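# Examining the three-dimensional arrangement
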Amino acid sequence: MKKKSTYQLLLPYIFKLDPEFTHNNFLSLVSLIEKTLSMGIFCRSPYEKNSIKLRNLNFKNRVGLAAGLDKNAAYIDTLAWLGFGFIEVGTVTPKPQPGNKKPRLFRLPLDRALINSMGFNNDGLNTFVKNLKKSKWVKEKKGVIGINLGMNFDTDLNNAHHDYELGLDATYKYADYIVINVSSPNTKGLRKLQENNLLKKLLASVKKKQKELHTKYSLQRPIFIKLSPDINNEFLEETLQLIKVYEIEGVIATNTTINKENIIEKKYSNQQGGLSGAPLLSRSNEVLLHIKKYLSPEVILIGSGGIMSGIDANEKIISGADVVQVYSGLIFSGPGLVKESLKVIENNLLTKKS
């Protein structure tokens, strides 16, 4: 039997605390420990395993952190201590906003899942950029940094492209890649941006802005789009066709799901918000496989959703992902998930070569 880590032994006690309180104070506590041990001097480099170069991005390893854990880019150097090859921060919106009413984060221990209806709560672009400037990971290029952009809740959908343009303007020179988040279920109307006409307008706008910023800074920052697991294959193919037309460089598959039909903890079946964790793995992988078949190999694919073990991470790679992201798995499996995932992926890659 596999020996439980200290984190897993503490988990029953951690889970007695309010989820959002635990989330916020966990990051603060880890930050305090990291700063005490290093006296704020060091920022740990990623584990250097399974390195891969994709376009102009040099990933020192294939396991990254998904957006949502560090919405304000305030804990990048703390999170670097976990060994990630890349860290994605946000989702950030132009103006600060409080998000949806509490409670808005729920644990489903029997399902090994979370439901969140946070609603892009964040401190806005000004604070976000100040935090990016302070980060050793960003300044010293320790690893890849992704920036996840959203729109404010009170922005008219027809003007949503302006919010993403503001995000690009503010963060472009600090990012290694930038994500256009149109798939969160927790901001009213946001997923409508995946519909054909609105998506065309948005993609045309961000690609035009990308070109302007490339000229301004002499930096090429790829644009990614994060897709929902809840769209059918026909609609997905329409979206992928637009990704081809507008030459979007990367896709993240997938965001959280609103489908809660098969969860064990039925009291949460009608809970508003996006479901992440183990129940998302299968559908997320189906979408990933479909995308892999449809798009050019030059398009970077990040597999996200349902990774709770090294085997799950490797399954993403088998399904077509170039690199993977974790989030909910960290909550249930602990920080050791990063190293475990890298080990399983490495063993699989070595087996394929031999």
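Shown above is the structure to which this text applies.
Treat the numbers as computed from the prediction; the structure is a model and nothing was measured.

### Concerning the sheet that holds strand β5 (residues 105-108)
Spatial strand order, β5-β6-β11: three strands in an open sheet with antiparallel pairing. Where the open sheet ends on each side, the last strands, each with one partner, are β5 and β11 (274-277). Along the sheet, successive strands turn relative to each other by an average axial angle of 20°, direction set aside. Alignment of strand β6 (residues 113-116) against β11, held across four bridges, turns out to be antiparallel.

### Remarks on a positive patch on the surface
Where like charges cluster on the molecular surface, the positive patch consists of Lys130, Lys133, Lys134, Lys173 and Lys216. Per-element tally for the positive patch: the top contributor is helix α4 (residues 124-134), with three residues. Looking at the secondary structure, you find Lys130 in helix α4. Among the residues examined, Lys130 registers a relative accessible area of 55% and is labelled exposed.

### A word on helix α9 (residues 281-294)
With 14 residues, α9 should cover 20 Å at 1.5 Å per step; its first-to-last C-alpha distance of 20 Å lies within 8% of that length. Buried positions along α9 lie against β9 (223-227), α8 (233-245), β10 (250-253), β11, β12 (300-304) and α10 (310-318).

### Focus: the packing of aromatic side chains
Counted by the stated rule, this structure contains five aromatic pairs. Residues Phe59 and Phe86 carry aromatic rings whose centres are separated by 5.0 Å and whose planes lie at 80° to one another, so their mutual orientation is edge-to-face. Of the two residues, Phe59 sits in strand β2 (residues 57-59) while Phe86 sits in strand β4 (residues 86-92), which places them 27 residues apart along the sequence. For the pair Phe59 and Phe86, a shared accessibility class is recorded, and that class is buried. Ring centres of Phe106 and Tyr268 lie 5.9 Å apart, and the angle between their planes is 50°; this geometry places the pair in the tilted category. Residue Phe106 is found in strand β5, and its partner Tyr268 is found in the loop between β10 and β11; the two are separated by 162 residues along the sequence. For the pair formed by Phe106 and Tyr268, the shared burial category is buried. The aromatic ring of Tyr294 is capped on one face by Lys244, whose charged end is 4.3 Å from the ring centroid.

Cut-offs used in this document
- Residues numbered from 1 in each chain as written.
- Predicted model: local features only at pLDDT ≥ 70, side-chain atom pairs only at ≥ 80, totals over all residues.
- Heavy atoms only, no water.
- Pairing = 2+ DSSP bridges.
- Helix = DSSP H or I, 4+ residues; strand = E, 2+ residues; numbered from the N terminus.
- Axes fitted to C-alpha atoms, helices over the stretch in contact; angles between N-to-C directions.
- Patch = residues over 30% accessible without salt bridge, like charges linked within 9 Å, V, L, I, M, F, W, Y side chains within 5 Å.
- Areas by Shrake-Rupley, 256 points an atom, 1.4 Å probe, with all protein chains shown as cover.
- Salt bridge = Lys/Arg side-chain N within 4 Å of Asp/Glu carboxyl O.
- Lys, Arg positive; Asp, Glu negative; His and termini not counted.
- Charge placed at Lys NZ, Arg CZ, Asp CG, Glu CD.
- Buried < 20%, exposed > 50% of the residue type's maximum accessible area, 1.4 Å probe, protein only.
- Expected span 1.5 Å × (residues − 1).
- Contact = heavy atoms within 4.5 Å.
- Phe/Tyr/Trp six-rings, centres within 6.5 Å; stacked < 30°, edge-to-face > 60°.
- Lys NZ or Arg CZ within 6 Å of the ring centre and 35° of its normal.

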